[in-house]
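Breakdown of the fold
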Amino acid sequence: MLVARGDSPKYPFTKDAKEYIDQCNVSVEELATIEYAQIIDRAEQRIEEALINGSVRYESSLPDVEVLSFPVAIILVASIGDDFLKRRYALAEAIRAENLLKDENNDKLMRIIESYFSWRIKKVSIAQNQPYEYCLSFIDYIKNASVFHEDEWKLVNKMVIGGYVFLRKNDVARLAREEIQKYIQETVEKTPKLDLPKLLNQRIERINQILTKRKESFKMDELPKTAIIAAYPPCIKKLYDSLLIGQHISHIGRFSLTSFLLAIGINTEDLLKMYTSISDFSESLTRYQIEHIAGKKGAGTSYKPPNCSTLRTHGLCLKPDELCKGIRHPLTYYRRKIGKIGMTKDE
Amino acid sequence: MSTDVMAFIRRKFLEYYSENSEKIPMPTSLPNREFGFVIFRERMMVRHKGFINGAEVKAFLKSMTPMDAYYSSAYYERPEEHMENKGWLGADLIFDIDSDHLQTPCKSEHDYWICESCQNSGRGQQPELCRKCGGSKFKNEAWLCETCLEAAKAETQKLLSFLQEDFGFLPQDIEICFSGHRGYHVHVENEDVRQLDQVARKEIVDYVLGTGLKVEFHGLMEVGKSKIVEGPNLFDPSWNGRIAKGVYDFLKTSTPQQIEEIEGIKSNKSKKAMEHRDLILKSWNKKARWGALKDVSFRTWVKLAEYGLKKQTSFIDTVVTTDIHRLIRAPFTLHGKTGLKAVSISLEHLKQFDPFVEAIAFSKGTLKVNVNESHKFRLGNEVFGPYRQETIELPMAAAMYLLCKKAASPVE
Ligand SMILES: [Zn+2]
Ligand SMILES: [Zn+2]
C-alpha cells in the first residue's frame, strides 16, 4: 500500500489527496474484502459523526485510512441518496477542515488555500497595530460570506481597500469552510449511485436508521391553514395595509407580499380576489403574476419570500419591533408570533 | 399625444439614426445580449430580441426607429428565448442613480402627477389617493432640472469613489452614462463581477448605501477602564474614513437645532458638541481625537456618526443592481421622453459634463411650435420659457424636448 503524505489525511479533498486516492486504485468490489475493513469502518464512522455530532473528527493515527475513507464515505452517502444526509455530511466534513485550518500557521494556510481554491489572497504585514493577517479579493469574499447573517460578516462592516477585504486567520478558515462544503456537496451530487457489494448493505442499513432518527428531530412545525393577520411581521403588515387601501406598492413590495401570503398557505384564488377587489388590478395580469410566484407559470419554481436582509436592502423593513430582533426571515417571525399569541390551527 | 406629433418625432428619430448609427458603439459580446425596444406605434416594450452583430442592430434602429432602445446587462446562451430558457451566463454589474429618488428641494416645482381616472393633476409628490375621485393610479411626469441632475452627478461621483478606492475596479472596467433624462448609469464590466449572484450583488448595494453598517466595526469604541472614546480618522480608507468625514462635515455645516433633531441626542449634549466645534474641526485635520472632549458621551458620538454617514453613501437604486436580467438604455440612442441622447462620459470628464449641452441630439434647424405649457429650461447655452399657450420658433433640440414632453405640437 502507498503511504499518504503531507496534509492529505487532514484535507482529503485537495489535489495531493486526490492523486494519492487515484494511485491506490481500489475498485468497489474490493471494498467489501477484509483487507479494506478498516477503511470501511472509518467511512461509516465519518458519516455517523456527521449525523450525530455535526462534525467529523480528525483521526491522525492511521493516515492512509483517514484519506481513503473519505471517498468511500462519499460513495456511501451518494448511494443512500438522501438530501438531508448529503447536506449534513458535506457540512460536517467542512467543519472538520475549518478546525484544522485554524491551527495551521499562516504560511501553511496560505499554501493550502492557494493550491486548492482559486481565491486571490494576500498576507498582510503585521504593522501599525492592526489586527489583520490576510486580505482576500472582495469578490471571493462576497461569494462565500453573503450567506452569513451576523453583522460582522456583512461587507459593509469590513475594511475594504482596493478590492481586498481585510481578515483574520479564523475568518479565512470560516470562509474556506463554505467553499469546502460547496465542493463536497457537488462531489456527492456528481457521484453515481453504485450497486454496492452485499456485504456493505448492513452498514447502509445502520446509517439509514440513525438518519431517520435525526431527521425526526429536525422536522419543522407546520403552519396553521388560515392566515393570522395579527401575526404578520411589521414589514408585511405595512404592505398588506397599503394593498387594502389601494396605495401604490413597488414591484419588489408586491413580490414580497405575494410570496409571503402564498408561503403561509393562502391559495392563488383567494389572493386573486384580494388583489382584484382593488379596482385597478387587471385580473389576467395579476393572475399571471401570482401564478408565476407560486410556480405554476414559467419555470415552475415557486419563489420564497425575501429574507429580512433583502427587505432591508430595498427599504421595505420599516419599524422592526422587539420580536424582529434576532430574526432573519419574515416567516420565522410569523411562526414565532403565532406561538406567542397562542393561536392554533383550529382557531 | 396626437398621432401627428408622434409621427413627427419618429421622423426626426429616423433622421438621427440614419445620420449617426455608425457612431453608436456596440456592447461587448453582442450576440449574447438581449435587446429591448419601445416601439412608437404600440408604445410597448418589445423584449427578447437578439442580434448577430452591430450592423444588424443599426439596421434595426433605422428600419424600426424605436422610441427607446435597451440591451441586457446579462449574457445569455440564447437571448431570444423566454427568460427560463435563455441560459444565463453572467451579467455586468450596473448602478442606476435616478434623480427622481433624490430628496431635492425643487421637486415640487417640476414634478407633477396626473390622475389616470379623472385627469386631476398637481405638483410635487403624488398623493396616496386622488382628492377628486379617490383613484390610486397616477402618471408621473417631471421636467428636466439642473439642480436634480447636479445632485445625481454628485451621487455618481461618490459611487465612483466606492468603485475605485474600495472595490479596486480599474478605470477601463467602468463606464458612466447620462441616461438622456433624469439620471446616470454606471456599468462595471469585467470577468470577476460577471458570475456574482443576486445575494452577492446585494452585499455590494448594502456597502454603497451603508445598509446594516454598525459603527463599532469601524473603529468607534470605548477603550480601557476609563472608557476613552476612540474613533476613525478623516483620511482612513474604507468606511472608517467616511464615518469620520460624516461627523466632521455634519459638525461643520449644522446648527445646534439640527443636531438636536437627531433622535436620541439631548440638547445639553448637542450644546457641548457645538461649543467645541471649532476645536474639533481644527484638530481633526491631523488626527481625529474623539476622546478629547470628555463631556461628549460615547452614545452621542455614535448617534452623530450614524447620522453623518448617511451623506457619505451613494444613493443608488437597490433593485437595478440586484437584478441580474436588467435591460439598460443603450448609450448614444435617443430618449423618448426628452429627445436627448444617452451619452457615455469618461471618468475624467464627469465633473465638467453638462447634460444640457452634450446630450443634444438635434442641433440643426429650428421648428415653429404651439406650446401648451412649459417651465423655464436651458438647452445648449440658451434659456427658454416659461411659455403658456403661445406659438414660437425654437431651435430643434428645444422644440423636440417640448414635443417629447407632450407640451407642444408642431405648427403646420
Ligand atoms: Zn382622480
Ligand atoms: Zn430639481
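Rules and cut-offs
Starting afresh in each chain, residues are numbered from 1 along the sequence in its written order. Whichever chain is written first is A, and whichever ligand is written first is 1; the rest continue in order. Confidence filtering applies because this is a predicted model: local features only for residues at pLDDT of at least 70, side-chain atom pairs given and counted only at 80 or more, and all residues used for totals across whole chains, interfaces and linings. Computation of side-chain values covers all heavy atoms of the structure but excludes hydrogens and water. Numbered from the N terminus, helices here are DSSP runs of H or I no shorter than four residues, and strands are runs of E no shorter than two. Relative accessibility under 20% of the residue-type maximum defines a buried residue, over 50% an exposed one, and the middle range a partly exposed one, all with a 1.4 Å probe and only protein chains included. Any two residues whose heavy atoms approach within 4.5 Å are treated as being in contact. All accessibility values rest on the Shrake-Rupley procedure with a 1.4 Å probe; residue burial counts only the protein chains present in the view. By buried area we mean how much accessible surface two parts lose on assembly, using a 1.4 Å probe and totalling the loss over both. Whenever a carboxyl oxygen of Asp or Glu lies within 4 Å of a side-chain nitrogen of Lys or Arg, that contact is scored as a salt bridge. Each polar contact in these results corresponds to two N or O atoms within 3.5 Å; when the atoms are within protein, one needs to be able to donate a hydrogen and the other to accept it, and residues that are neighboring in sequence are counted only if both atoms are side-chain atoms. Three classes are used, and their members are as follows: Ala, Val, Leu, Ile, Met, Phe, Trp, Tyr, Cys and Pro are nonpolar, Asp, Glu, Lys and Arg are charged, and the others, Gly among them, are polar. The start and end points of each domain follow an automatic or database-based domain assignment. Coordinating donors are taken to be N, O and S atoms lying within 2.8 Å of the metal, or within 3.2 Å when the metal is Na, K or Ca; because water is excluded from the atom set, some sites may appear incomplete. The geometry test gives tetrahedral to four donors whose angles all lie between 85 and 135 degrees, gives square planar to four donors and octahedral to six donors whose opposite members are over 155 degrees apart with all other angles between 65 and 115, and gives irregular to the rest. Lines fitted to C-alpha atoms define the axes here, with helix axes fitted over just the stretch in contact, and angles between the N-to-C directions of these axes take values from 0 to 180 degrees. Each crossing is labelled by how the near helix is turned from the far one, with a counterclockwise turn of less than a right angle marking it left-handed and a clockwise turn marking it right-handed. In this analysis, strands are considered paired if DSSP registers two or more bridges between them. The criterion for an aromatic pair is that two Phe, Tyr or Trp rings (for Trp, the six-membered ring) have centres within 6.5 Å, with stacked assigned to planes under 30 degrees apart, edge-to-face to planes over 60 apart and tilted to the rest. Here, a charge over a ring means that NZ of Lys or CZ of Arg falls within 6 Å of the ring centre while also lying within 35 degrees of the ring normal. Put simply, angles under 35 degrees are roughly parallel, angles over 145 are roughly antiparallel, angles from 65 to 115 are roughly perpendicular, and the rest are oblique.

1. Let's talk about the overall build of chain A
For chain A, the helix and strand inventory stands at 15 helices and four strands. A buried classification covers 50% of the 347 residues belonging to chain A. Expressed as a percentage of contacts within chain A between residues at least 6 apart in sequence, the contacts between residues at least 24 apart total 68%. Looking at chain A as shown, the accessible area adds up to about 18,000 Å², and 50% of this sits on carbon and sulfur atoms.

2. Brief notes about the overall build of chain B
Counting its regular elements, chain B contains 14 helices and 20 strands. With respect to the principal axes defined by its C-alpha atoms, chain B has extents near 80 × 50 × 45 Å. Split into buried and exposed, the 412 residues of chain B put 54% on the buried side. For chain B, the share of sequence-separated contacts (at least 6 apart) that also reach a separation of at least 24 residues comes to 66%. As presented, chain B carries roughly 19,400 Å² of accessible surface, and 50% of it is formed by carbon and sulfur atoms.

3. A closer look at the interface of chain A and chain B
Between chain A and chain B, the contact holds 32 residues from the first and 36 residues from the second. Carbon and sulfur atoms supply 60% of the area buried between chain A and chain B, which totals about 2,900 Å² over both sides. The largest contributions to the chain A side of the interface with chain B come from Val156(A), Asn157(A) and Thr313(A), which together make up 20% of the buried area. Across the chain A-chain B interface, the total number found is four salt bridges. Close ionic contact of Arg120(A) with Asp192(B) constitutes a salt bridge, the shortest N to O distance being 2.9 Å. At the boundary of chain A with chain B, the tally comes to 16 residue pairs in polar contact (both at pLDDT 80 or more). A breakdown of the residues in the side of chain A that touches chain B according to their chemical character gives twelve nonpolar, twelve polar and eight charged.

4. What about unusual backbone geometry?
All names here are of chain B. Between Gly385 and Pro386 the backbone carries a cis peptide bond, its omega angle lying at -5 degrees. Within the secondary structure, Pro386 sits in the loop between strand E18 (382-384) and strand E19 (387-395). Here Arg43, not a glycine, exhibits a phi torsion of approximately 50 degrees, which is positive. When you line up the elements, Arg43 lands in the loop between strand E1 (35-39) and strand E2 (44-49). What makes Arg43 partly exposed here is its relative accessible area of 39%. Its identity is not glycine, yet Phe332 carries a phi of approximately 70 degrees, on the positive side. Relative to the assigned elements, Phe332 resides in the loop between strand E14 (327-329) and strand E15 (343-345).

5. Overview of the side chain of Glu49(A)
Residue and element names in this part refer to chain A. As for its placement among the helices and strands, Glu49 is situated in helix H3 (residues 37-53). A relative accessible area of 9% places Glu49 in the buried class. Excluding residues that lie within four positions of it along the chain, Glu49 makes contacts with Arg42, Gly54, Ser55, Val56 and Arg57.

6. Re the environment of Thr258(A)
Residue and element names in this part refer to chain A. Mapped onto the fold, Thr258 is located in helix H11 (residues 251-263). In this structure, the C-alpha to C-alpha distance between Thr258 and Ile80, residues 178 residues apart in sequence, is 37 Å. Dropping the residues within four chain positions of it, Thr258 is found in contact with Leu271, Tyr275, Ile290 and Ile293.

7. Focus on the domain arrangement of chain B
Assigned domains within chain B: domain 1 (3-98 + 146-203 + 318-361), domain 2 (107-141), domain 3 (215-312) and domain 4 (364-412). Computed from C-alpha coordinates alone, the two centres of domain 2 of chain B and domain 4 of chain B are separated by 24 Å.

8. A closer look at the coordination of the zinc ion (ligand 2)
Reference values for coordination geometry: four tetrahedral donors around a metal ideally subtend 109.5 degrees, six octahedral donors ideally subtend 90 or 180 degrees. Within the protein, the zinc ion (ligand 2) binds to Cys106(B) (SG), His110(B) (NE2), Cys145(B) (SG) and Cys148(B) (SG); these donor distances fall in the range 2.0 to 2.2 Å. Coordination geometry of the zinc ion (ligand 2): the four donor atoms subtend angles of 100 to 118 degrees at the metal centre, consistent with an arrangement described as tetrahedral.

9. Thoughts on the packing of H3(A) against helix H4 (residues 63-80) of chain A
All names here are of chain A. Between H3 and H4, whose axes approach to 8 Å, the crossing angle comes to 60 degrees. Pair H3 / H4 crosses with right-handed handedness. In this structure, H3 uses Gln38, Ile39, Ile40, Arg42, Ala43, Arg46 and Ile47 to contact H4, whose residues at the interface are Val65, Glu66, Leu68, Ser69, Phe70, Val72, Ala73, Leu76 and Val77. Residues of the contact of H3 with H4, tallied by class, amount to eleven nonpolar, two polar and three charged.

10. Re the sheet that holds strand E8 (residues 121-123) of chain B
Residues and elements named next belong to chain B. The strand order across the open sheet built from three strands is E8-E7-E9, with neighbouring strands paired in antiparallel fashion. Every other strand in the sheet has two partners, leaving E8 and strand E9 (138-142) as the edge strands with one partner each. The sheet shows a mean angle of 20 degrees between the axes of neighbouring strands, direction not considered. When strand E7 (residues 111-115) meets E8, the two strands line up antiparallel, connected through three bridges. Paired with Trp113 across the strands is Gly122, a residue of E8.

11. What about the domain arrangement of chain A?
For chain A, the domain assignment lists domain 1 (5-215) and domain 2 (229-341). Taken over C-alpha atoms, the centre of domain 1 of chain A sits 38 Å from the centre of domain 2 of chain A.

12. What about the packing of aromatic side chains?
One pass over the structure, following the stated rule, counts 36 aromatic pairs over all chains. Ring geometry for Tyr232(A) against Phe260(A): centres 5.6 Å apart, planes inclined by 80 degrees, an arrangement best described as edge-to-face. Remark: Phe260(A) occurs in helix H11 and Tyr232(A) occurs in the loop between helix H9 (201-218) and helix H10 (234-244); sequence separation between them is 28 residues. Both residues of the pair, Tyr232(A) and Phe260(A), belong to the buried class. In textbook terms, an aromatic cluster arises when at least three aromatic residues are bridged by ring pairs, as seen for Phe138(A), Phe162(B), Phe167(B), Phe169(B), Tyr207(B) and Trp239(B). Just above the ring of Tyr164(A) sits the side chain of Lys122(A); from NZ or CZ to the centre is 4.1 Å. The ring of Trp239(B) has Arg242(B) lying over it, and the distance from NZ or CZ to the ring centre is 5.6 Å.

13. Examining the packing of H3(A) against helix H5 (residues 83-102) of chain A
All names here are of chain A. The contact between H3 and H5 brings their axes to 9 Å, and the two run at 95 degrees. The angle between H3 and H5 falls in the class roughly perpendicular. Here Arg46, Ile47, Ala50 and Leu51 of H3 lie close against H5, whose contacting residues are Phe84, Leu85, Arg88, Tyr89, Ala92, Glu93 and Arg96. Of the residues that constitute the contact of H3 with H5, the class distribution is seven nonpolar, no polar and four charged.

14. Some details on the coordination of the zinc ion (ligand 1)
All names here are of chain B. Here the zinc ion (ligand 1) is held by Cys115 (SG), Cys118 (SG), Cys130 (SG) and Cys133 (SG), and the distances to it run 2.2 to 2.4 Å. Of note is the zinc ion (ligand 1), whose four donor atoms meet at the metal with angles of 106 to 113 degrees in an arrangement that counts as tetrahedral. One chain supplies every donor for the zinc ion (ligand 1), spaced along it as C-x2-C-x11-C-x2-C. Of this pair, Cys118 sits in the loop between E7 and E8 while Cys133 sits in the loop between E8 and E9; the two residues are 15 residues apart in sequence, bridging distant segments of the chain. Its relative accessible area of 29% is what places Cys118 among the partly exposed residues.

15. Looking at the side chain of Thr156(B)
All names here are of chain B. Note that Thr156 resides in helix H4 (residues 146-166). Of the polar contacts made by the side chain of Thr156, one reaches the backbone oxygen of Ala152; its length is 2.7 Å. Ignoring sequence-local partners within four residues, the contact set of Thr156 consists of Ile97, Ile176, Tyr184, Val186 and Leu350.

16. What to know about the pattern of salt bridges
On inspection of all chains with the given rule, the structure shows 46 salt bridges over all chains. Notably, a salt bridge pairs Arg174(A) with Glu178(A), separated by 3.0 Å at the nearest N-O pair. Residue Arg174(A) and its partner Glu178(A) are both found in helix H8 (residues 169-190); the two are separated by four residues, about one turn of the helix. An identical accessibility class is assigned to Arg174(A) and Glu178(A); each is buried. A salt bridge links Asp100(B) to Arg182(B); its shortest N-O distance comes to 2.7 Å. Remark: Arg182(B) occurs in the loop between strand E10 (174-178) and strand E11 (183-188) and Asp100(B) occurs in the loop between strand E6 (93-98) and helix H3 (107-110); sequence separation between them is 82 residues. Overall, Asp100(B) belongs to the partly exposed group, its relative accessible area being 37%. The class for Arg182(B) is buried, based on a relative accessible area of 5%. Connected through shared salt-bridge partners, Arg42(A), Arg46(A), Glu49(A), Arg57(A), Glu59(A), Glu66(A), Glu93(A) and Arg96(A) make up one network.

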